[in-house]
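# Structural characterization, general
Residue strings, one per chain:
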Amino acid sequence: MRRTTTEVEDLLRRHAPQVLGALVRRYGHFDPAEDAVQEALIAAARQWPEEGVPANPRGWLIRVASRRLVDRLRSDAARRAREEEAAALTPRDAFTAPAPDASVPGGSRAPSEDDTLTLLFLCCHPDLAPAAQIALTLRAVGGLTTAEIARAHLVPEATMAQRISRAKRKVRGVAFVQPGPADRDQRLAAVLQVLYLIFNEGYTATSGRSLHRAGLAREAIRLTRSVRRLLPRDGAVTGLLALMLLTDARSAARTGPHGELIPLDEQDRTRWDRAAVAEGLALVEEALGEGPAGPYQVQAAIAALHDEAAHAEDTDWPQILALYDVLVRIAPEPMAGLSRAVAVAVAMVHGPRAGLAEADALADRLAGHHRLDAVRAHLLERAGDTEGARAAYRAAASGTLSIPEARYLYGRADRLDG
């Protein structure tokens, strides 16, 4: 079947963590397995747009990646005299053929649908520091580049690359199995944070020509549903799923016919996915009834207030501000504070100058981040400071790697030029 390059990229992104999970389960070599999967993805990206997508794309990727991995293991064993170690860490027939698999023609076993979920928990192994857990999972499960992960954590790319390499070394040889209940609970906070970051990158891409990476957002939602099936009464899991659904429901209205960004208060709300909104609202109610509210439940409640408003002017800003007050108290992250500054809650309730004071208080923690400049520009414009707003819009535009965001911000600046 012929697919466009974009369709092939979405397909590869969806299958990549499943293929990696299958290889790690079968061979146990995390780092070489990831390299083999990347080689298979490159081969598919070159062949599939021209030759057509195979009937079983995941099976094709597993077969090609397995062969690449076997070749690499054989080469390493011959070159470094590590036959015994390689044999101990791979199946008996690893050097003759890939292990039987129903996704490969003639195989007898289908790769577990839980492979990606198992990979997710493996990357959040308790031997890893929280920052390393998140970085490794974003790379292996989310498919984000090292540069994208570094931007999400506001650290240099070289620092993030070292963090990911160290994490891979630490999980080398760890059994590829789902953790038991106690171990799973210990890893859950990191798992949820990773899923949250994967979704955010999908909903608003930090770089590139498209505002959305829809496949990434859908994969985050799918994985969160899987975690919820394991933990159906966990308020944080339910809250995160609600937050994703309520946010993703607006996707169709976020861009215009030419891919231009449309801010929330200007969106055609009839284009929002009402089925997703309804499911999200029901989950918010359920999440808030499952114990003390954490950051995901509070953010989901904020998203619910936005989605319940038929028109932008109907938004209950005082209630949103009250929820942001709770959020910055239980999760004092700079982005939460920045959202509170605009939410546009502070600005709507107390005026744009109050919002500016909130944003400026975060300047040291968010120095150089384009979102701080974008928030300040919006609030300066509302306060009537045209010159300051124009300069801030342009600073924000020059700081983002997202082409739709940059166009939107430059457009706002140009509009202020008259």
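In this report, we go over the structure that sits alongside the text. (Residues numbered from 1 in each chain as written. Predicted model: local features only at pLDDT ≥ 70, side-chain atom pairs only at ≥ 80, totals over all residues. Heavy atoms only, no water.)

## Some words on the pattern of salt bridges
Counting across every chain of the model gives 17 salt bridges. Its salt-bridge partner being Arg25, residue Asp115 comes within 3.0 Å of it at the nearest N-O pair. Remark: Arg25 occurs in helix H1 (residues 5–27) and Asp115 occurs in helix H5 (residues 115–123); sequence separation between them is 90 residues. Exposure remark for Asp115: the relative accessible area of 2% places this residue in the buried category. When its relative accessible area of 21% is taken as the criterion, Arg25 is described as partly exposed. (Salt bridge = Lys/Arg side-chain N within 4 Å of Asp/Glu carboxyl O. Helix = DSSP H or I, 4+ residues; strand = E, 2+ residues; numbered from the N terminus. Buried < 20%, exposed > 50% of the residue type's maximum accessible area, 1.4 Å probe, protein only.)

## Details of helix H17 (residues 352–360)
Listed in full, the buried residues belonging to H17 are Pro352, Gly355, Leu356 and Ala359. In an axial view of H17, the angular spread of the buried residues amounts to 100°, which keeps them on one side of the axis. (Arc of directions from axis to C-beta.)

## Topic: the environment of Ile262
Mapped onto the fold, Ile262 is located in the loop between helix H11 (235–248) and helix H12 (274–288). Along the chain, Ile262 and Glu405 lie 143 residues apart, while their C-alpha atoms are 9.8 Å from each other. Those residues in contact with Ile262 that sit more than four places away from it in its chain are Ala253, Arg254, Thr255, Gly256 and Gln267. (Contact = heavy atoms within 4.5 Å.)

## Digging into the nonpolar core
Here is a general trend for soluble globular proteins: nonpolar side chains tend to be buried in one another's company. Core analysis: the largest hydrophobic core is formed by 96 residues, its most contacted members being Leu23, Phe30, Trp48, Leu61 and Val227. Grouped together as the second largest cluster of nonpolar side chains are 19 residues, Ala359, Leu380, Tyr393 and Leu416 included. (Core = buried A, V, L, I, M, F, W, Y, C linked by side-chain atoms within 4.5 Å.)

## Concerning the side chain of Gln267
Note that Gln267 resides in the loop between H11 and H12. Here Ile262 takes part through its backbone oxygen, which lies 3.2 Å from a polar atom of the side chain of Gln267. (Polar contact = N/O pair within 3.5 Å; in protein donor to acceptor, adjacent residues only side chain to side chain.)

## A closer look at the packing of aromatic side chains
Applying the stated criterion across every chain yields a total of three aromatic pairs. Note that Arg250 overlies the ring of Trp272, its terminal NZ or CZ placed 5.8 Å from the centroid. One Lys or Arg, Arg254, reaches over the ring of Tyr203 and ends 3.8 Å from the middle of that ring. (Phe/Tyr/Trp six-rings, centres within 6.5 Å; stacked < 30°, edge-to-face > 60°. Lys NZ or Arg CZ within 6 Å of the ring centre and 35° of its normal.)

## Quick notes on the packing of H11 against helix H13 (residues 295–308)
Between H11 and H13, the shortest axis-to-axis distance is 8 Å and the interhelical angle comes to 30°. Classified by the interaxial angle, the pair formed by H11 and H13 is roughly parallel. Viewed along their axes, H11 and H13 form a crossing whose handedness is left-handed. Of the residues in H13, those touching H11 at Gly235, Ala236, Gly239, Leu240, Ala242, Leu243, Leu246 and Thr247 are Tyr296, Gln297, Gln299, Ala300, Ala303, Ala304 and Asp307. Partitioned by chemical class, the residues of the contact of H11 with H13 number nine nonpolar, five polar and one charged. (Axes fitted to C-alpha atoms, helices over the stretch in contact; angles between N-to-C directions. Parallel < 35°, antiparallel > 145°, perpendicular 65-115°, else oblique. Left-handed = near helix turned anticlockwise from the far one by under 90°. Nonpolar A, V, L, I, M, F, W, Y, C, P; charged D, E, K, R; others polar.)

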